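Residues per chain, in single letters:
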Amino acid sequence: MSDRRTDGGEAVSRTGMPFGLPRWVGAVTPLVLLGVVVAGFVLLNPFAGLATGGALPDVTVTHTSLPNDETVVLHVTNNGPDPVTVSQVLVNDAYWDFTMFAGGEATNTLAPMESGRIVVPYHWTPTWDIHTALVLSDGATFGHTIVAPQVSPGLTGELLGLLAVVGLFVGVIPVALGMLWFPVMRDMSDRSLHAILLFAVGVLGFLAFDAGFEAFELAAEVPGAFEGNLLVVLGILGALLLVQAVSEWNSAGDVRPLGLAYLVALSIGLHNLAEGLAIGSSVALGHVSLGAFLVVGFMIHNVTEGPAVVAPVAEGERPSLWHFVALGTLAGAPVILGGWIGSAAYSPTLGALFLAIGVGAILQVNWEIGRMVRRRGSLVTPANLLAFFAGLAVMYATDLLVTL
């Protein structure tokens with residue numbers, strides 16, 4: 001038994017668990033009772049008498065793969081609460097034989113929330129769109145168009161090596177080149193360095209907006225059962241809070257310049273992971289020319305990320321060389337990992353989640369940079385505002401090389 005005091009100073013008795021039970025029993029009991037209540041509601045099903053029909057089926061073709069010009073593979077997900085059976089597959093308005101695999105075996109039925117792949121032996125012509133449709137046993141039809149199809153190269157050691165080289169040119173080398181501005185930044189005045197930090201905020205802010213818009217676009221392609229928009233929101237908030245928690249734990253609320261530089265590199269690395277995912281998926285889906293074009297655009301685009309990484313340590317004691325190597329690797333190397341993931345297991349769900357995580361990390365880092373500048377001087381000055389806008393404008397201009 002223990003007691004506590006109220007605001008008035010009176011001692012109020014506070015007893016332990018009834019019957020001397022362990023405290024964990026009190027914590028678990030409400031959950032157990034909740035499970036019993038939910039199970040009872042499901043078994044009794046008080047709405048059964050009001051039911052007028054089953055839920056409408058909902059099947060999504062998440063993506064496609066084309067291993068050769070004689071085969072079309074549709075990756076599908078059952079978003080509905082009831083099992084669905086695929087009875088027929090149409091390709092360019094004609095019925096074709098198919099084999100569907102789900103749960104490691106050949107079957108025409110998908111359980112709720114289950115994914116599978118439909119293999120269709122169909123000879124197709126490169127760059128000619130393929131119009132497909134799935135016909136379920138109840139007559140419901142779901143269409144999907146494969147635009148400008150190309151043969152998927154498949155996952156091989158040669159492809160993984162190629163994507164590693166591409167990742168070096170897209171992520172590591174451009175970021176390292178941008179970091180070479182560090183000696184010039186060291187000779188700047190405090191006012192100029194603060195402007196450089198706000199330039200970094202503009203760079204990161206553009207990446208956050210860009211990744212956020214793309215994440216919600218991909219969320220529209222996520223199977224309805226996985227709630228794409230909510231997944232993006234969860235990824236953004238989860239990453240923001242996780243990076244904030246790590247920052248607070250590591251520095252007791254006061255992030256040091258080198259720690260902030262690592263946070264910037266981490267947030268940029270998460271964004272570059274999504275860039276690698278875009279390159280890897282374009283190659284995996286057979287869009288090799290698009291992948292090559294993305295490489296050139298991302299190379300020029302990512303040079304501007306280098307100054308953002310080293311800006312927090314431009315004043316004060318110079319870090320050792322291995323810190324610069326670690327910062328550049330953390331910011332640029334995730335492009336390689338993203339390329340591997342995109343080529344092996346691309347899906348809109350994975351792409352939207354990675355982009356959302358990058359957005360959350362960037363938002364938290366921008367907050368930390370703002371706090372640092374405010375502690376050392378004024379945050380809102382004409383030079384800082386112009387530098388922030390310059391960061392947005394430079395990233396927009398270089399982003400046109402990727403999107404045009």
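Conventions and cut-offs
- Along every chain, residues carry numbers that run from 1 in the direction the sequence is written.
- Note on the predicted model: pLDDT of at least 70 is required for a residue's local features to be given, and 80 or more for side-chain atom pairs to be given and counted; whole-chain, interface and lining totals, by contrast, use all residues.
- Heavy atoms throughout the structure, all of them, feed into the side-chain values; hydrogens and water do not.
- A run of H or I in DSSP becomes a helix once it reaches four residues, and a run of E becomes a strand once it reaches two; helices and strands are each numbered from the N terminus.
- Three labels apply to residues, based on accessible area from a 1.4 Å probe with only protein chains included: buried if under 20% of the type maximum, exposed if over 50%, partly exposed otherwise in between.
- Only heavy atoms matter for contacts: two residues are in contact if any of them lie within 4.5 Å across the pair.
- Working definition of accessibility: Shrake-Rupley area with a 1.4 Å probe, residue cover restricted to the visible protein chains.
- Each Phe, Tyr or Trp ring (for Trp, its six-membered ring) is paired with any other whose centre lies within 6.5 Å, and the angle between the two planes then decides the class: stacked below 30 degrees, edge-to-face above 60, tilted in between.
- For this analysis, a salt bridge means a side-chain nitrogen from Lys or Arg found within 4 Å of a carboxyl oxygen belonging to Asp or Glu.
- Any two strands between which DSSP finds at least two bridges are classified as paired.
- Each axis is a line fitted through C-alpha atoms, and for a helix only the stretch in contact is used; angles between axes span 0 to 180 degrees, taken between their N-to-C directions.
- Under this scheme an angle from 65 to 115 degrees is roughly perpendicular, one under 35 degrees roughly parallel, and one over 145 degrees roughly antiparallel; angles in between are oblique.
- Two helices crossing with the near one rotated counterclockwise from the far one by less than a right angle form a left-handed crossing, whereas a clockwise rotation gives a right-handed crossing.
- Gly falls in the polar group here, along with every residue not listed as nonpolar (Ala, Val, Leu, Ile, Met, Phe, Trp, Tyr, Cys, Pro) or charged (Asp, Glu, Lys, Arg).
- pLDDT is defined as a per-residue confidence score from the predictor, taking values between 0 and 100.
- We call a set of buried Ala, Val, Leu, Ile, Met, Phe, Trp, Tyr and Cys residues a nonpolar core when their side-chain atoms join them within 4.5 Å.
- Every patch collects residues that have over 30% relative accessible area and no salt bridge, joining them within 9 Å if they carry like charges and within 5 Å if they are nonpolar side chains (Val, Leu, Ile, Met, Phe, Trp, Tyr).

## Description of the overall build of the chain
Stage number 1. Across its full length, the chain holds 12 helices and 12 strands.
Stage number 2. Within the chain, the proportion of its 404 residues that are buried is 43%.
Stage number 3. Across the chain, the fraction of contacts at a sequence separation of at least 24, relative to all contacts at a separation of at least 6, is 74%.
Stage number 4. For the chain, the exposed area adds up to about 20,900 Å²; of that, 67% sits on carbon and sulfur atoms.

## Notes on the packing of aromatic side chains
Stage number 1. Under the counting rule described, the total for this entry stands at three aromatic pairs.
Stage number 2. Here the aromatic rings of Phe182 and Phe324 are separated by 4.9 Å at their centres, their planes lie at 65 degrees, and the arrangement is edge-to-face. Placement of Phe182 in helix H3 (residues 182-186) and of Phe324 in helix H9 (residues 321-332) is noted, with a sequence separation of 142 residues between them. Each member of the pair, Phe182 as well as Phe324, carries the same accessibility label: buried.

## Some words on the pattern of salt bridges
Stage number 1. Across all of its chains, the model carries one salt bridge by this definition.
Stage number 2. Of the charged contacts, one joins Arg371 and Glu368 as a salt bridge, the two residues approaching to 3.6 Å between their closest N and O atoms. Of the two residues, Arg371 and Glu368 are both situated in helix H11 (residues 348-376); the distance of three residues between them amounts to about one turn of the helix.
Stage number 3. When its relative accessible area of 3% is taken as the criterion, Glu368 is described as buried.

## Structural notes on the sheet that holds strand S3 (residues 59-65)
Stage number 1. One open sheet accounts for five strands, arranged S3-S4-S10-S7-S8; its pairing is antiparallel. Each edge of the open sheet is held by one strand with a lone partner, namely S3 and strand S8 (105-106).
Stage number 2. Pairing between strand S7 (residues 99-102) and strand S10 (residues 115-121): three bridges, direction antiparallel. Each bridged residue has a counterpart across the sheet, and for Phe101 the counterpart in S10 is Arg117.

## What about unusual backbone geometry?
Stage number 1. A positive phi angle is found at Asn92, which is not glycine, with a value near 50 degrees.
Stage number 2. Although it is not a glycine, Met113 adopts a positive phi angle of roughly 70 degrees.
Stage number 3. One can find Met113 in the loop between strand S9 (109-110) and S10.

## Here we look at the packing of helix H4 (residues 190-219) against H11
Stage number 1. The geometry of H4 relative to H11 is characterised by a closest axis approach of 8 Å and an angle of 160 degrees between their N-to-C directions. Between H4 and H11, the interaxial angle falls into the category roughly antiparallel. Our pair here, H4 against H11, has a crossing hand that is left-handed.
Stage number 2. Grouping the amino acids of the contact of H4 with H11 by side-chain chemistry returns 21 nonpolar, five polar and two charged.

## Notes on the confidence of the model for the chain
Any region with low pLDDT has predicted coordinates that should not be read closely.
Stage number 1. On average, the chain scores 82 in pLDDT, and the residues at 70 or more come to 86%.
Stage number 2. For the chain, strand S2 (residues 11-14) is the element with the lowest average pLDDT, namely 51, and strand S11 (residues 130-136) is the one with the highest, namely 95.

## Observations concerning the nonpolar core
Stage number 1. Leu204, Val264, Val309, Val310 and Ile369 are the most contacted members of the largest nonpolar core, which has 53 residues in total.
Stage number 2. Of all the elements, H4 adds the most residues to this core, at 17 residues.
Stage number 3. Setting aside anything within four residues of it in sequence, one finds Val264 in contact with Leu204, Ala308, Val309, Pro312, Val365 and Ile369.
Stage number 4. Ranked by size, the runner-up nonpolar core spans 23 residues in total, among them Val86, Phe98, Ile118 and Trp124.

## Topic: a nonpolar patch on the surface
Stage number 1. There is a patch of nonpolar side chains on the surface, built from Val165, Leu168, Phe169, Ile173, Leu177 and Leu180 and spanning about 540 Å² of accessible area.
Stage number 2. Structurally, Phe169 is set in helix H2 (residues 157-179).
Stage number 3. Assessed through its relative accessible area of 42%, Phe169 is described here as partly exposed.

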